[in-house]
Amino acid sequence: MFYYLLKYVLLGPLLRLVFRPRIEGLDHVPESGPAIVAGNHLSFSDHFLMPAILRRRITFLAKAEYFTGPGVKGRLTAFFFRSAGQIPVDRSGKEAGQAAIREGLGVLGRGELLGIYPEGTRSHDGRLYKGKVGVAVMALRAGVPVVPCAMIGTFEAQPPGKVVPRIRPVVIRFGEPLDFSRYAGMESEKTVLRAVTDEIMYAILSLSEQEYVDRYAADVKAEQAEAKKERRFPRAPLV
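No experiment lies behind these values; they were computed from the predicted model shown.

(A) Fine view of the environment of Leu 205. Looking at the secondary structure, you find Leu 205 in helix α8 (residues 190-208). As a C-alpha pair, Leu 205 and Pro 165 span 40 residues in sequence and 24 Å in three-dimensional space. Sequence-distant contacts of Leu 205, defined by excluding residues within four places in its chain, comprise Leu 128, Gln 210 and Tyr 212.

(B) Expanded view of the layout of surface pockets. Taken as a whole, the second largest pocket encloses approximately 650 Å³ of empty space. The wall of the second largest pocket is formed by 25 residues, among which Phe 44, Phe 48, Phe 81, Gln 158 and Val 163 lie closest to the centre. With six residues, helix α4 (residues 71-83) is the largest single contributor of residues to the lining of the second largest pocket. In terms of residue class, the lining of the second largest pocket is built from 14 nonpolar, six polar and five charged.

(C) Expanded view of empty space enclosed by the protein. A complete count under the given rule lists one cavity of 30 Å³ or more for this structure. In this structure, the largest cavity encloses a volume near 160 Å³. At the level of secondary structure, the elements contributing two or more residues to the lining of the largest cavity comprise α1 (2-10), α2 (12-19), α3 (46-53) and α4. Here the element with the most residues in the lining of the largest cavity is α3; it accounts for four residues.

(D) Just the sheet that holds strand β8 (residues 171-174), in detail. Strand order in the open sheet made by the seven strands is β1-β8-β7-β2-β5-β3-β4, with mixed pairing throughout. Only two strands of the sheet have a single neighbouring strand rather than two, namely β1 (22-24) and β4 (87-89). Averaged over all pairs of adjacent strands, the angle between strand axes in this sheet comes to 25 degrees, irrespective of strand direction. By the bridge criterion, three bridges tie β1 to β8 in an arrangement that is parallel. Bridging across to β8, Ile 23 finds its partner in Ile 172. Running at roughly 165 degrees to strand β2 (residues 35-39), helix α6 (residues 134-142) makes contact with β2, β3 (58-63), β5 (113-116) and β7 (146-152) of the sheet.

(E) Focus on the packing of α1 against α2. Relative to each other, α1 and α2 sit at 45 degrees, their axes nearing to 4 Å. Between α1 and α2, the angle is such that the two are oblique. Together, Leu 6, Lys 7, Tyr 8, Val 9 and Leu 10 of α1 and Gly 12, Pro 13 and Leu 14 of α2 make up the contact between the two elements.

(F) View of the pattern of salt bridges. As enumerated under the stated definition, the model contains eight salt bridges in all. A salt bridge links Glu 112 to Arg 110, with the nearest nitrogen and oxygen atoms 3.3 Å apart. Assessed through its relative accessible area of 53%, Arg 110 is described here as exposed. The closest approach of N and O atoms between Asp 125 and Arg 127, which form a salt bridge, is 2.9 Å.

(G) Geometry of the packing of α6 against α8. Axis separation between α6 and α8 bottoms out at 8 Å; the angle between their running directions is 105 degrees. It follows from the interaxial angle that α6 and α8 lie roughly perpendicular. Along the contact surface, α6 presents Val 135, Ala 136, Val 137 and Leu 140, while α8 presents Val 192, Leu 193, Val 196, Thr 197 and Ile 200. Class assignment for the residues of the contact of α6 with α8 results in eight nonpolar, one polar and no charged.

Definitions and limits used
Residues numbered from 1 in each chain as written. Predicted model: local features only at pLDDT ≥ 70, side-chain atom pairs only at ≥ 80, totals over all residues. Heavy atoms only, no water. Helix = DSSP H or I, 4+ residues; strand = E, 2+ residues; numbered from the N terminus. Contact = heavy atoms within 4.5 Å. 1 Å grid on protein atoms, 1.4 Å probe; cavity = no way out; pocket = protein on both sides within 12 Å on 5 of 7 lines; lining within 4 Å. Points joined across faces, edges and corners; volume = space filled by probe spheres on them. Nonpolar A, V, L, I, M, F, W, Y, C, P; charged D, E, K, R; others polar. Pairing = 2+ DSSP bridges. Axes fitted to C-alpha atoms, helices over the stretch in contact; angles between N-to-C directions. Parallel < 35°, antiparallel > 145°, perpendicular 65-115°, else oblique. Salt bridge = Lys/Arg side-chain N within 4 Å of Asp/Glu carboxyl O. Buried < 20%, exposed > 50% of the residue type's maximum accessible area, 1.4 Å probe, protein only.

That is the geometry; function is a separate question.
Pasting the structure below:
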């Protein structure tokens with residue numbers, strides 16, 4: 001109930017006013033039945049813009065930190081995400097990844113739309129990073145199509161660290177559904193999972209026209225954070 005209140009009354013109209021999204025290829029999203037919408041992730045606003053323009057309800061796997069923040073702000077954020085139908089996902093470790101897959105398969109098993117950001121985290125510099133194979137596992141196990149989606153302009157409107165977005169138009173572009181039925185029963189094959197994931201990422205790249213980086217975004221972020229720490233607190237030279 002709260003999901004539709006947000007979509008049609010509280011948040012959806014405001015998002016359309018602020019971002020004036022231009023929608024392309026919306027007819028590629030199935031009108032019924034389970035499917036995965038896999039997109040690039042450039043901004044905090046992505047979580048709300050896509051649900052606002054889709055005709056169907058979509059459930060995203062959202063990082064657990066949105067649900068565990070301290071204080072009044074943290075509780076309000078958790079309430080907001082839960083009420084909007086988003087599912088918390090712990091992104092630390094292999095077991096956490098399996099839990100996310102189970103949650104996603106549950107959504108698909110109910111015949112719903114599942115939203116996934118294969119990069120696993122927001123892009124910190126506007127480039128598209130290597131996708132994680134969880135999206136391939138779910139697509140093959142559930143036997144569902146994957147609709148690639150590109151958010152264009154949301155990084156410039158609300159880059160990481162910016163709380164209040166700039167008022168500027170964005171584009172939300174959907175591609176033709178990808179059918180991976182030829183890989184049915186092969187969801188345990190690592191090479192197959194990598195091939196499926198790379199095909200999905202290539203489709204997103206073709207839609208978004210971003211620069212591609214063949215590395216995981218989380219690894220690059222960690223390296224940059226370590227380098228920044230080293231610059232601030234350089235190690236004493238060995239005598």
